[in-house]
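Geometric and topological summary
Read off the chains here:
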Amino acid sequence: MQRPYRKWKRQLRELVELFLLPVAATLLPWRWSLRLFRWLSRWQGWYREEIALSIAHVRALGVVENIDEFARRLRWRLLVEHMDCFLVPMRGRRYLQRWVQAHGDPLPERGPVLFIGTHHGCGYWFLPYVKSQRLRPNIVAPRLGPLLSRSSLQGNLYVRLRHKLIAFAAGRPLVYKGGSAGEAIRQMLSEGEVCFGLCDMPTNRPDAVPVRLLGLSTQLAQNMFEIGLQTGAAIYLFSSDTDLHTGMRHVHFQRANGGSPEAMVRQFADLLNVSLLRDPAGWRFWSIAPSFFPLPFAAPERPDTCA
Amino acid sequence: MRVILTYHATRLQRLTREGSDLLSLHADLEWLADQGIAVMSLDELLADSRRAGVAITFDDGSRLDGFPHLHPGLGLLPSMLQVLTHAKRRLPGLCVSNFVIASPQARTVLATHLRAEFGASLMDSDWWTSAHASGLMQLENHSWDHNHPLLQHSVQRDNQRGNFLVIDSAEDAEAEIAVASDVIGHATGRRPRYFAYPFGDVSPYLRDVWLPTRGAAIGLRAAFSTEPRAIHPDDTAWALPRFVCGRDWVSDKQLAAIIQHARLSGV
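Just so it is clear, the model here is predicted, and its values are computed rather than measured.

1. Focus on the overall build of chain B
Summing up its helical and strand segments, chain B has 10 helices and 10 strands in all. Taking 18 Å as the expected radius of gyration for a compact globule of 267 residues, we find that chain B reaches 17 Å, a close match to that expectation. If you line up chain B on its principal axes, its C-alpha atoms span 50 × 45 × 30 Å. Here chain B holds 267 residues, and 51% of them are scored as buried. Here the analysis covers contacts within chain B between residues at least 6 apart in sequence; of these, 65% occur between residues at least 24 apart.

2. A look at the overall build of chain A
Of regular secondary structure, chain A possesses 11 helices and 9 strands. For chain A, the C-alpha radius of gyration of 19 Å lies close to 19 Å, the compact-globule estimate for 307 residues. Seen through its C-alpha atoms, chain A measures out along the principal axes to roughly 55 × 45 × 40 Å. For chain A, buried positions account for 45% of its 307 residues. In chain A, the share of contacts with a sequence separation of at least 24, taken over all contacts with a separation of at least 6, comes to 76%.

3. Details of the packing of helix H9 (residues 181-190) of chain A against helix H10 (residues 223-230) of chain A
Any two packed helices are characterised by how steeply their axes cross, that is the angle between the axes, and by the distance between the axes. All names here are of chain A. Between H9 and H10, whose axes approach to 9 Å, the crossing angle comes to 25 degrees. Taken together, the axes of H9 and H10 are roughly parallel relative to one another. Relative to H10, the crossing made by H9 is right-handed. Residue-level contacts link Gly182, Ile185, Arg186 and Leu189 of H9 to Asn223, Ile227 and Gly228 of H10.

4. Section: the packing of helix H2 (residues 30-40) of chain A against helix H4 (residues 67-90) of chain A
All names here are of chain A. At their nearest, the axes of H2 and H4 sit 8 Å apart, and the two run at 140 degrees to each other. Regarding the angle of H2 to H4, the classification is oblique. Two packed elements cross with a definite hand, and for H2 against H4 that hand is right-handed. Taking contact as the criterion, the partners of Ser33, Phe37, Arg38 and Leu40 in H2 are, on H4, Trp76, Leu79, Val80 and Met83. Across the contact of H2 with H4, the residue classes tally to 6 nonpolar, 1 polar and 1 charged.

5. Overview of the interface of chain A and chain B
In this assembly, 19 residues from chain A lie in contact with 19 residues from chain B. Residue assignment for the side of chain A that touches chain B shows that the elements contributing at least two residues are strand S1 (100-104), strand S9 (249-255) and helix H11 (261-278) of chain A. The greatest single-element share of the side of chain A that touches chain B, amounting to 7 residues, is contributed by H11(A). For the side of chain A that touches chain B, the residue count by class is 4 nonpolar, 9 polar and 6 charged.

6. Quick look at helix H9 (residues 204-214) of chain B
Helical geometry note: an α-helix holds 3.6 residues per turn, so side chains three or four residues apart project in the same direction. Residues and elements named next belong to chain B. The complete set of buried residues in H9 reads Leu206, Trp210 and Leu211. Along the axis of H9, the buried positions cluster into a sector of 90 degrees, meaning they face one direction only. Of the residues in H9, the exposed ones pointing more than 90 degrees away from the buried face are Pro204 and Thr213. Residues of H9 that are buried sit in contact with helix H8 (170-188) and strand S9 (222-224).

7. Some words on the pairing of strand S3 (residues 53-60) of chain B
Residue and element names in this part refer to chain B. Most of S3 sits inside the fold, with 7 of its 8 residues counted as buried. With 6 bridges joining them, strand S1 (residues 2-7) and S3 adopt parallel strand pairing. In the strand pairing of S3, Arg2 is matched with Gly53. Handedness of the strand S2 (residues 39-40)-helix H2 (residues 42-47)-S3 crossover: right-handed. Relative to strand S6 (residues 96-100), S3 runs parallel, the two sharing 4 bridges. Across the sheet, residue Thr57 finds its bridge partner in S6, namely Ser97.

8. Topic: the nonpolar core
Ranked by internal contacts, the top residues of the largest apolar core, which has 163 residues, are Leu114(A), Phe268(A), Met80(B), Leu84(B) and Ala223(B). Sequence-distant contacts of Leu114(A), defined by excluding residues within four places in its chain, comprise Leu189(A), Cys195(A), Met224(A), Gly228(A), Ala233(A) and Ile235(A).

9. A look at the environment of Ala181(A)
All names here are of chain A. Looking at the element boundaries, Ala181 is found in helix H9. According to the C-beta neighbour criterion, Ala181 is buried, with 24 such atoms within 10 Å. Taking the C-alpha atoms as reference, Ala181 lies 9.7 Å from Met224; in sequence the two are 43 residues apart.

10. Quick word on the confidence of the model for chain A
Overall, the prediction assigns chain A a mean pLDDT of 89, with 92% of residues at 70 or greater. Overall, residues 298-307 of chain A carries pLDDT values under 50, and its contacts beyond four positions in sequence, including any with other chains, amount to 28 contacts.

11. What about the sheet that holds S9(A)?
All names here are of chain A. Strand order in the open sheet made by the 7 strands is S1-S9-S8-S2-S5-S3-S4, with mixed pairing throughout. Lying at the two open borders of the sheet, with one neighbouring strand each, are S1 and strand S4 (175-177). Each strand axis lies, on average, 30 degrees off the axis of its neighbour in the sheet, ignoring direction. Here S1 runs beside S9; their pairing, made up of 5 bridges, is parallel. By the bridge assignment for S9, Ala102 is matched with Val251. Strands in contact with H11 are strand S2 (113-117), strand S8 (234-242) and S9; relative to S8, the strand with the most contacts, it is inclined by about 10 degrees.

12. Notes on helix H1 (residues 21-34) of chain B
Residues and elements named next belong to chain B. Between the first and last C-alpha of H1 there are 19 Å, a value that for 14 residues agrees with the 20 Å anticipated at 1.5 Å per step. For H1, the buried fraction is high: 11 of the 14 residues fall into the buried class. Taken residue by residue, H1 has Asp21, Leu22, Leu23, Ser24, Leu25, His26, Ala27, Asp28, Leu29, Glu30 and Leu32 as its buried positions.

Rules used throughout
Residues numbered from 1 in each chain as written. Chains lettered and ligands numbered in written order. Predicted model: local features only at pLDDT ≥ 70, side-chain atom pairs only at ≥ 80, totals over all residues. Helix = DSSP H or I, 4+ residues; strand = E, 2+ residues; numbered from the N terminus. Rg over C-alpha atoms; globule rule 2.2 N^0.38 Å. Buried ≥ 20, exposed ≤ 12 C-beta atoms within 10 Å, placed from the backbone. Contact = placed C-beta atoms within 7 Å. Axes fitted to C-alpha atoms, helices over the stretch in contact; angles between N-to-C directions. Parallel < 35°, antiparallel > 145°, perpendicular 65-115°, else oblique. Left-handed = near helix turned anticlockwise from the far one by under 90°. Nonpolar A, V, L, I, M, F, W, Y, C, P; charged D, E, K, R; others polar. Arc of directions from axis to C-beta. Pairing = 2+ DSSP bridges. Right-handed = clockwise from strand over helix to strand, strands pointing away. Core = buried A, V, L, I, M, F, W, Y, C linked by C-beta atoms within 7 Å. pLDDT = per-residue confidence, 0-100. Expected span 1.5 Å × (residues − 1).

Below, the structure is given as structure tokens:
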């Protein structure tokens, strides 16, 4: 059992990491907060649990040469990402024009459109950007259930607040589903809506497509792509990232083509590989890497969460 | 079986394996490691005709080879060097020969023409020393100015540009090859040992006359065309063949066919 002071210490740390520092940083000019985070990232205490797990996994997988540099960049990115959660809804069109740069294929003017992104980089800026293009994406999220109520008060509050902020950034409320998110997305795309999903999720679906991420064998679900093709939606893959040197946020769109869902999953893996090769520390899922890469870990059974 | 695979970092149409040499290089190196095929430097591959393996070369030497890059159309991209760094854990013998253009003026002209497609500073040489120091890349000679058609003036005596077959005199060869070796050697501290013919154009004069007599004196050991086949023991050292990514293969299956054919033909 945790001693009370350890519990309080941890709760205080969560309060600072999740609320106080990110909100305070939004009050600074972006260049200053970026520099502040760079300086703070030298302290190894930030997001201790996630960083420790991520380091253990990348070390076991042998995908990173300089572990200390990886950990520092991961801390820097987590600091930026937690701030962005609050910053995105607080900044308007002028900030978007100054700091967010979009590349790649032009976007359609109306739905049905299915955007499929990754957990690399900070994806928050995708939302205000597509909103500025008059495409307001529906985001399907799992109902906030009993698992969340078992987390700390700070964690619970943070997730609830983050959902509200994401909904504000997307320009429409989140769609909460208890059962199959896929059906909800299919329904909305059939009605000509715009939907959004992240597809680099662990999966145990039998029809998952074998791919390689940073040379490591894994598999990704194809059901989102199937739904997109079946409903006749335009499918756009996207990646987003923050250039930690200039502070610019970059969103890259690539229209998926190739005809089959399998080919599209491979294109998605190509896009993710580009991001991972550039900066492995940008991926949020090193802390759950055993769910993707079974060796040398024993992967736990997890429900399919793609779509 | 001795095979040389060549990549151009500037082949960047889309962020897919088929559409970019960047992702092709990443996938090909993983495939070669899976197959247990030895990947080695040109020095090692050419040291012994009985040696079996693959060497990797890059052509044109752009900044995309050495530094992560912001591409106007494709966003933030990793460098080819980052791909090599990642692959090195499975391919300990990996060392790439990168054929660079020596003339700063020629590189500036080329970068200016390609600015819209690749952004500024595409052909800067600021990555040369760090790439060389990485131990993963050796900088070699791709001529003084590529005798490129985009240049107003080349060092070719009649200012004929657009192919390398017109480099057919000692004077032109000195200006295009010997001077380039001096400049690259001065910049990196290591004289180039290899020369790649721009456009893959093998000038008979260079292959049969100038390089055999003058090559060793300026530090060169071999020269490379882009003839798509494996190296044969009877090949002259001054026009060794290479396969080119995008032209000769874009998938594991096609690369496997190249390797298989080289093995079956016993060269």
